[in-house]
Amino acid sequence: MAVKRVLQYGEKTLREPSKEVNKVSKKIVDLVHDLLETMYAKNGVGLAAPQIGVNYRVFVIDVSTDKEPLNPLVFINPKIIKKSGAIIAQEGCISFPEAYTDVKRYKNVMVKALDVHGKPFILEAKDGSLLARAIQHENDHLDGILFIDHCVNRFETNDILAKHKLPPIEEDMLLVEKDLDEELGKND
C-alpha cells in the first residue's frame, strides 16, 4: 500500500466516468488501502479512485475529528438511492489544493454500496452533515463531475481558482439543478 499522487484539476482523467467493480478482488482491496493512505496523508475527508488515476467506482470517506478514532468508510459501486432538502456550504477538494467555494448539495442522502468485503450496505446521512456532503462530492467524482460544477457563483469561483493558479470553470460542465434551486428558494 502506498500514498499515491493525486491528480490536479485540469488533468483529463478527473472528467472521465468510472467503471463498475465486477468483483471485490485483492486488486480492489489494495486500491481501497491506497485511497485511505493517500486521503490521510493529504489530510482529506474523502478520496475517489479517479483522483489517483484509477477509473473504478470506489471512494473512501472519514469524517472523524481529531478527538475521535479514525472511522474509514469504503464505498464500492455506490448509488445514491434517495435525496432531499438542499444546503449551501463551503467545499474544497484534494484535487484543488486550498481552493474553497460555496456549492449546492442535497441536505439528506441515502446511499447503497458494497464494503471492502463485498457486502452490501445502506447508509443514510442527514441534515447537511459533512458525511452527507462528502458522499455526494466523492460520488460525483465517479461520474467525472467536480464540486465546482455545483458552485453557487461562477464568477466568485473563477476568482478563487485564479488565485490558486487553477484553470477556470468549464462553463459547459456547470450543472442546472432546478430541484436544489427551488428548495433553496423556499429556505429564503
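Here, every reference points to the structure presented above.
Predicted model, so just to flag it, every value in this text is computed and none were measured.

What counts, and at which threshold
- Residues numbered from 1 in each chain as written.
- Predicted model: local features only at pLDDT ≥ 70, side-chain atom pairs only at ≥ 80, totals over all residues.
- Heavy atoms only, no water.
- Pairing = 2+ DSSP bridges.
- Helix = DSSP H or I, 4+ residues; strand = E, 2+ residues; numbered from the N terminus.
- Phe/Tyr/Trp six-rings, centres within 6.5 Å; stacked < 30°, edge-to-face > 60°.
- Buried < 20%, exposed > 50% of the residue type's maximum accessible area, 1.4 Å probe, protein only.
- Lys NZ or Arg CZ within 6 Å of the ring centre and 35° of its normal.
- Expected span 1.5 Å × (residues − 1).

Colleague: How should I be thinking about the pairing of strand β7 (residues 120–125) in this particular structure?
Modeller: In regular strands, side chains alternate between the two faces of the sheet. Across 6 bridges, the pairing between strand β6 (residues 108–114) and β7 is antiparallel. Bridged to lysine 112 within β7 is isoleucine 122. Here β6 hands over to β7 after 5 residues, with glycine 118 in that stretch at a positive phi of 80 degrees.

Colleague: Would you explain the packing of aromatic side chains in this entry?
Modeller: A ring pair, where both rings are aromatic, is described by two values, the distance of the centres and the angle of the planes. Under the counting rule described, the total for this entry stands at 4 aromatic pairs. Between the aromatic rings of phenylalanine 96 and phenylalanine 147, the centroid separation amounts to 4.8 Å while the plane-to-plane angle is 80 degrees, which identifies the pairing as edge-to-face. With phenylalanine 96 in strand β5 (residues 96–105) and phenylalanine 147 in the loop between α2 (130–141) and α3 (154–163), this pair connects stretches of sequence that are 51 residues apart. The exposure classification of phenylalanine 96 matches that of phenylalanine 147, with both residues buried. Aromatic rings pair up to connect Tyr9, Phe96 and Phe147 into one cluster. Directly above the aromatic system of tyrosine 56 lies the positively charged group of lysine 19, at a separation of 5.2 Å from the ring centroid.

Colleague: Looking at this model, I keep getting lost on α2. Mind explaining?
Modeller: Side chains of residues three or four places apart in an α-helix project in the same direction, reflecting 3.6 residues per turn. Between its terminal C-alpha atoms α2 stretches 17 Å, which fits the 16 Å expected from 12 residues at 1.5 Å a residue. Burial in α2 covers these residues: Leu131, Ala132, Arg133, Ala134, Ile135, Gln136, His137, Glu138, Asn139, Asp140 and His141.

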